[in-house]
Amino acid sequence: MNLDDIVAIDFHTHAEEACGMHADDGYDDLQHAMAHYFHSPFKSPPTIPETAEYYRARRIAAVIFAVDAEAATGHRRYNNEDVATLAAEHSDILIPFASIDPAKGKMGVREARRLVADFGVRGFKFHPTYQAFYPNDRAAYPLYEAIQEAGVPALFHTGQTGVGAGMRGGYGMRLKYSNPMFIDDVAADFPDLKIIMAHPSFPWQDEALAVATHKPNVYIDLSGWSPKYFPPILVKYANSLLKERMLFGSDWPAIMPDRWLNDFDKLDIKPEVRPLILKENARRLLGI
């Protein structure tokens, strides 16, 4: 990857299309509801090669991952090895993260170590609401230890989620798991683990900013919302105290990066801060 030619790094893109090959587990219904919620132009998730083509045309690098929530949902996961292998075929533009359900215990720990060592995985994605676990659950700590030892980041969904939004009973998703205050325990117990809290953390935005301000190993990616809806306090912190720990993220394919970047151009962000958010903070965090 020639980062001098890259104009931005999108820290939050999804690879999900292989999960939709099984009509019996409800995953397709969930994806259709999410596409409706986000007004996505895709009827089904794009493939990894299609994602790479889209981002390459825009000279934007992309952190890409699936979400393993097999224990809580029964949805078959997109194998991490397949994601990493496909990303390697498009290594000029894609940066592979993996996802391991914390319910997998010691098996998950072994998988995490193998994925980093043998498949070049650069980080791990967690979705507490979708995976139905509290981030500070001690059962997940051996997995965090393996990730910290590998020196790669852990990215956690925070706040309300589009997963299950508008569906009967919210598809059984419980928002309580994604309160960013649970990340505070993880950041304290794993001070050398690089942690990213994904999304403006509605309705806990102040909590997220408090955690990131207090814990220097915590970052925030700004995905999942159009910047025109960012609360003023988030913009204020992005321009000041947390300007070196804010990251551009779209939430592809739910939110298109073209839309996000267009709205970001209109946001009151200082000129010297824009390149930090769009590229330089992610470059430093990933060590690339």
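Use the structure listed above.
Residues numbered from 1 in each chain as written. Predicted model: local features only at pLDDT ≥ 70, side-chain atom pairs only at ≥ 80, totals over all residues. Heavy atoms only, no water.

Residues of helix α2 (residues 48-58) that are buried: Ile 48, Thr 51, Ala 52, Tyr 54 and Tyr 55. Buried residues in α2, looked at end-on, bunch into an arc of 165°, giving them a common side. Exposed residues pointing more than 90 degrees away from the buried face of α2 are listed as Glu 53 and Ala 57. Contact partners of the buried residues in α2: β1 (8-14), β2 (60-65), α4 (80-88), β3 (94-96) and α11 (257-265). (Buried < 20%, exposed > 50% of the residue type's maximum accessible area, 1.4 Å probe, protein only. Helix = DSSP H or I, 4+ residues; strand = E, 2+ residues; numbered from the N terminus. Arc of directions from axis to C-beta. Contact = heavy atoms within 4.5 Å.)

For the rest of this paragraph, the subject is the packing of aromatic side chains. By the definition in use, this model includes 18 aromatic pairs. Ring centres of Phe 248 and Trp 260 lie 4.7 Å apart, and the angle between their planes is 40°; on these two criteria the pair is classed as tilted. Separated by 12 residues along the polypeptide, Phe 248 in the loop between β8 (246-247) and α11 and Trp 260 in helix α11 bring together distant segments of the chain. Taken individually, Phe 248 and Trp 260 each receive the classification buried, so the pair is uniform in this respect. Put simply, the rings of Phe 126, Phe 133, Tyr 141, Tyr 144, Phe 156 and Phe 190 touch in pairs and so form one group of aromatic residues. (Phe/Tyr/Trp six-rings, centres within 6.5 Å; stacked < 30°, edge-to-face > 60°.)

It is worth spelling out the sheet that holds strand β5 (residues 154-157) at this point. Taken together, 5 strands build an open sheet; the order of strands is β4-β5-β6-β7-β8 and the sheet is parallel. Of all strands in the sheet, those bounded by a partner on one side alone are β4 (124-126) and β8. The sheet contact formed by strand β7 (residues 218-221) and β8 spans 2 bridges and is parallel. Within β8, the position partnered with Asp 221 by the bridge is Leu 247. Helix α7 (residues 141-150) rests against β4 and β5 of the sheet, and its axis sits at about 150° to β4. Helix-sheet contacts for helix α8 (residues 181-189) involve β5, β6 (195-198) and β7, and the interaxial angle to β6 is about 170°. (Pairing = 2+ DSSP bridges. Axes fitted to C-alpha atoms, helices over the stretch in contact; angles between N-to-C directions.)

Over the atoms a probe the size of a water molecule is rolled, and this reveals where empty space is left. Space inside the second largest pocket adds up to approximately 150 Å³. Along the walls of the second largest pocket sit 12 residues, with Ser 91, Leu 94, Ile 95, Pro 96 and Arg 122 positioned nearest its centre. Among the elements of the structure, α4 and β3 are those that each provide at least two residues to the lining of the second largest pocket. For the lining of the second largest pocket, the class distribution of residues is 9 nonpolar, 2 polar and 1 charged. (1 Å grid on protein atoms, 1.4 Å probe; cavity = no way out; pocket = protein on both sides within 12 Å on 5 of 7 lines; lining within 4 Å. Points joined across faces, edges and corners; volume = space filled by probe spheres on them. Nonpolar A, V, L, I, M, F, W, Y, C, P; charged D, E, K, R; others polar.)

Along β7, one buried face is formed by Val 218 and Ile 220 and the opposite face, lined by Tyr 219 and Asp 221, is buried too. Inspection of the sheet shows β6 paired to β7 by 4 bridges, in the parallel sense. What sits directly across from Ala 198, in β7, is Asp 221. Each parallel crossover has a hand, and the one from β7 via helix α10 (residues 232-238) to β8 is right-handed. (Right-handed = clockwise from strand over helix to strand, strands pointing away.)

As for its position among the elements, Ile 60 is in strand β2. Distance in space between the C-alpha atoms of Ile 60 and Ala 8 is 5.0 Å, their sequence separation being 52 residues. Setting aside residues no more than four positions away along its own chain, Ile 60 makes contact with Ile 6, Val 7, Ala 8, Asp 10, Tyr 55, Ile 93, Phe 248 and Leu 261.

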